[in-house]
Amino acid sequence: MQVIITGASKGIGKAIAEQFAAAGHTLFICSRSEKGLYDRVADLQTRYPQSTIKARPVDMSVQEEVKAFAAWCLGFGTPDVLVNNAGQFMPGAVHNEPDGTLEQMIQVNLYSAYHLTRSLLPAMMKAQKGHVFNICSIASLHAYPNGGSYSISKFALLGFSKNLREEMKPYGIKVTAVSPGATMSASWDGFEIDPQRIMEAADIAKMVYAASQLSPMAVVEDIILRPQLGDLD
């Protein structure tokens, strides 16, 4: 399979890339950090020589770069799997977060997925196959303290997923919204977290990969994962 994964140099995206690479698939990955990205390529290619890893640095908040990345990927063929994982977490509250926070969260967490998916869909629709995974969040499902504009953007990403699911049914394209709770990733840098209270990124990756392996007649519409002891307060 040809698999596109955004934000693949760390966290959940990194774990998803490893899961597909281990199975010998062809990956097209991107992230803003050029060094982190190419370090990731070298690591994956060394450990999983049966896979093919191609990478391109991309700022997913810039529409022109997103479209250029899509065109580059399409130059190698039509993707079978698209994982819209790139995102950013900025804690805050609607009433006092800095001006521009909502715009930034929407740009990074929603528009990145929207523009990349739209650029790839014509080829996928023509092929009558494909699977789009949108990495949403528990913050897509309910409000929580310090969620602010981040939560708003993740609600919007879930809405995008729901609409896309309905639109793509006739074209054989699956759409899955993935809503993880607290997961060990860069979003938690600087916080002291009991490792027993937070999920591993590999947990999410395993679920995404499993959902990608179903027959064409079945789709997992929603994946919701939480730490065994429940959400963090």
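The notes below deal with the structure included here. (Residues numbered from 1 in each chain as written. Predicted model: local features only at pLDDT ≥ 70, side-chain atom pairs only at ≥ 80, totals over all residues. Heavy atoms only, no water.)

### Examining the overall build of the protein
Scanning the protein from terminus to terminus reveals six helices and seven strands. For the protein, the α and β elements follow one another from N to C terminus as β-α-β-α-β-α-β-α-β-α-β-α-β. Rg of the C-alpha trace for the protein: 17 Å, near the compact-globule value of 17 Å for 233 residues, within the 12% margin. Taken over the C-alpha atoms alone, the protein extends approximately 45 × 40 × 35 Å along its principal axes. Burial statistics for the protein: of 233 residues in total, 47% are counted as buried. Restricting to contacts in the protein with at least 6 residues of sequence separation, those with at least 24 account for 70%. Summed over its atoms, the accessible surface of the protein is roughly 11100 Å², and 53% of this surface lies on carbon and sulfur atoms. Charge-centre separation for the protein: the mean point of 20 positive side chains lies 8 Å from the mean point of 22 negative side chains. (Helix = DSSP H or I, 4+ residues; strand = E, 2+ residues; numbered from the N terminus. Rg over C-alpha atoms; globule rule 2.2 N^0.38 Å. Buried < 20%, exposed > 50% of the residue type's maximum accessible area, 1.4 Å probe, protein only. Contact = heavy atoms within 4.5 Å. Areas by Shrake-Rupley, 256 points an atom, 1.4 Å probe, with all protein chains shown as cover. Lys, Arg positive; Asp, Glu negative; His and termini not counted. Charge placed at Lys NZ, Arg CZ, Asp CG, Glu CD.)

### Details of the sheet that holds strand 3 (residues 52-57)
The pairing of strands in a sheet comes from backbone hydrogen bonds and takes either a parallel or an antiparallel form. Pairing within the open sheet is parallel, and its seven strands lie in the order 3-2-1-4-5-6-7. One side of each edge strand has no neighbouring strand; the edge strands of this open sheet are strand 3 and strand 7 (222-225). Put simply, the sheet's adjacent strands are angled 15 degrees from each other on average, direction ignored. Sheet topology places strand 2 (residues 26-31) next to strand 3; six bridges connect them, and they run parallel. Opposite Leu27, over in strand 3, you have Ile53 as the bridge partner. (Pairing = 2+ DSSP bridges. Axes fitted to C-alpha atoms, helices over the stretch in contact; angles between N-to-C directions.)

### Focus on the pattern of salt bridges
Scanning the entire structure with this criterion turns up 10 salt bridges. For Lys35, the salt bridge is made with Asp39, and the minimal N-O distance between the two is 2.7 Å. Of the two residues, Lys35 and Asp39 are both situated in helix 2 (residues 34-47); the distance of four residues between them amounts to about one turn of the helix. Look at Lys35 and you get exposed, because its relative accessible area is 62%. The class of Asp39 is partly exposed, set by a relative accessible area of 40%. (Salt bridge = Lys/Arg side-chain N within 4 Å of Asp/Glu carboxyl O.)

### Points about a nonpolar patch on the surface
A cluster of nonpolar side chains, namely Val94, Leu102 and Ile152, defines an oily patch on the protein surface of about 250 Å² accessible area. For Val94, the position within the fold is in the loop between strand 4 (81-84) and helix 4 (101-127). Owing to a relative accessible area of 60%, Val94 belongs among the exposed residues under this scheme. (Patch = residues over 30% accessible without salt bridge, like charges linked within 9 Å, V, L, I, M, F, W, Y side chains within 5 Å.)

### Remarks on the packing of helix 3 (residues 63-74) against helix 4
A pair of packed helices is characterised by two quantities: the angle between their axes and the separation of those axes. Running from amino to carboxyl end, helix 3 crosses helix 4 at an angle of 30 degrees, the nearest separation of the two axes being 9 Å. The orientation of helix 3 relative to helix 4 falls into the category roughly parallel. You can see that helix 3 and helix 4 cross each other, and the crossing is right-handed. Counted together, Gln63, Val66, Lys67, Phe69, Ala70 and Leu74 of helix 3 and Ser112, His115, Leu116, Ser119, Leu120 and Ala123 of helix 4 form the full contact between these two elements. Its residues assigned to classes, the contact of helix 3 with helix 4 shows seven nonpolar, four polar and one charged. (Parallel < 35°, antiparallel > 145°, perpendicular 65-115°, else oblique. Left-handed = near helix turned anticlockwise from the far one by under 90°. Nonpolar A, V, L, I, M, F, W, Y, C, P; charged D, E, K, R; others polar.)

### Thoughts on helix 3
With 12 residues, helix 3 should cover 16 Å at 1.5 Å per step; its first-to-last C-alpha distance of 17 Å lies within 8% of that length. Along helix 3, the positions that sit buried rather than exposed are Val66, Phe69, Ala70 and Cys73. Seen along its axis, helix 3 keeps its buried residues to an arc of 100 degrees; they face one direction. Opposite the buried face of helix 3, by more than 90 degrees, sit the exposed residues Glu64 and Ala71. At its buried positions, helix 3 is contacted by strand 1 (2-5), strand 2, strand 3 and helix 4. (Expected span 1.5 Å × (residues − 1). Arc of directions from axis to C-beta.)

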